[in-house]
Amino acid sequence: MSDITVNTLAGVLSSMSWTADPAVNSWITAAIYLAIGVLIWLIGKFVIRRLVRRVKSGRSILHVKALRWAQPVLRPLDSERRVQRAETMGTLLTSVLGVVVFVITAIYILLSFGFNAGPLLASLGIVGVAVGFGCQQLIRDFLAGIFITFEDQYGIGDVIETSEVVGTVESVGLRITRVRSEDGAIWYLRNGEILRVGNRSQGDYRDPKAAQPTATAATDDAAAQPTATHPTAAQRAGD
């Protein structure tokens, strides 16, 4: 339904004669497309900012039926962690919205000047494939960062254990996670390289080193207790 509406609108705008000069008509139509694209981008950005602001302030938006699917992502968190996640999701949604609106608006502007968008889209597809092959690791890092944020695998203040380091998370970005290890060193971990991670703050973690002295002390106490001596056969015979 939306595609039909957009195509109908495009056909109406393209067929309208604003002036007697076709070139001027093309420029006017392109300006209208640009204005519509900017308006959609501003409205979308305003909605995203309001959602992010409500999440950062701690007010629940899960009562809205259309947003109940996001409950695992928007469940209550501590202040700093909630703010960080809200800003990350807001930045991601704003970027995606900007790219989509820009591409669609550019295509309609080219159509208003009579360009054939088919070869252009094919060329963009080839360029996209080439860029995708060249930036596989970067794309992998971004996708991993998105899933880490949405699934709440860990956040700011959590103590995590990876194959490389054990430490406290100081920031979680779409590409890099910054961790402060137990010796004070700052580690920058690429999200795509984190194959497995243990979150000590989410589970019921017990430090094995802290339990070891207790077991050792119990063993020492048992060894220190005096043992009862039993009389030998000769002693019993003497008695």
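Before going into details, it helps to say that this report is about the structure given with it. Chains are numbered independently. Their residues run from 1 in the order of the written sequence. A pLDDT threshold of at least 70 governs which residues receive local features in this predicted model, and a stricter bar of 80 or more applies before side-chain atom pairs are shown or counted, although totals over entire chains, interfaces and linings include all residues. To obtain the side-chain values, all non-hydrogen atoms of the structure were included, while hydrogens and water were left out.

**Some words on the pairing of strand S3 (residues 176-181)**
When accessible area is computed with a 1.4 Å probe and restricted to protein chains, residues below 20% of their type maximum are described as buried, those above 50% as exposed, and intermediate ones as partly exposed. In this description a helix means any DSSP run of H or I spanning at least four residues, a strand means any run of E spanning at least two, and both kinds are numbered starting from the N terminus. Alternating positions in S3 separate cleanly, Thr177, Val179 and Ser181 being buried on one face and Ile176, Arg178 and Arg180 remaining unburied on the opposite face. The pairing of strand S2 (residues 166-172) with S3 spans five bridges and is antiparallel. Bridge pairing in S3 links valine 172 to threonine 177. The turn linking S2 back onto S3 is made up of three residues. Note: two strands are recorded as paired if DSSP finds a minimum of 2 bridges between them. Sheet analysis places S3 next to strand S4 (residues 186-190), joined by five bridges and oriented antiparallel. Among the inter-strand pairings, arginine 178 is bridged to a residue of S4, identified as tyrosine 188. Connecting S3 to the next strand, S4, in antiparallel fashion are four residues, including glycine 184 with a positive phi near 95°.

**Describing the packing of aromatic side chains**
Pairing of aromatic side chains here covers Phe, Tyr and the six-membered ring of Trp, requires ring centres within 6.5 Å, and sorts the geometry by plane angle: under 30 degrees stacked, over 60 edge-to-face, intermediate tilted. Under the counting rule described, the total for this entry stands at two aromatic pairs. Their ring planes at 80° and their centres at 5.0 Å tell us that tryptophan 27 and phenylalanine 113 sit as a pair that is edge-to-face. Remark: phenylalanine 113 occurs in the loop between helix H4 (79-112) and helix H5 (117-134) and tryptophan 27 occurs in helix H2 (residues 22-57); sequence separation between them is 86 residues. Residue phenylalanine 113 is classed as partly exposed on the basis of its relative accessible area of 30%.

**Focus on the sheet that holds S4**
Pairing in this open sheet of five strands is antiparallel, and the strands run S4-S3-S2-S1-S5 from one edge to the other. The outermost strands of the open sheet, each flanked by one partner alone, are S4 and strand S5 (197-199). Pairs of neighbouring strands in the sheet enclose a mean axial angle of 40°, with direction left out of account. Between N-to-C directions, angles span 0 to 180 degrees; the directions come from axes that are lines fitted to C-alpha atoms, helices contributing only their stretch in contact.

Purely geometric stuff here, so don't read any function into it on its own.
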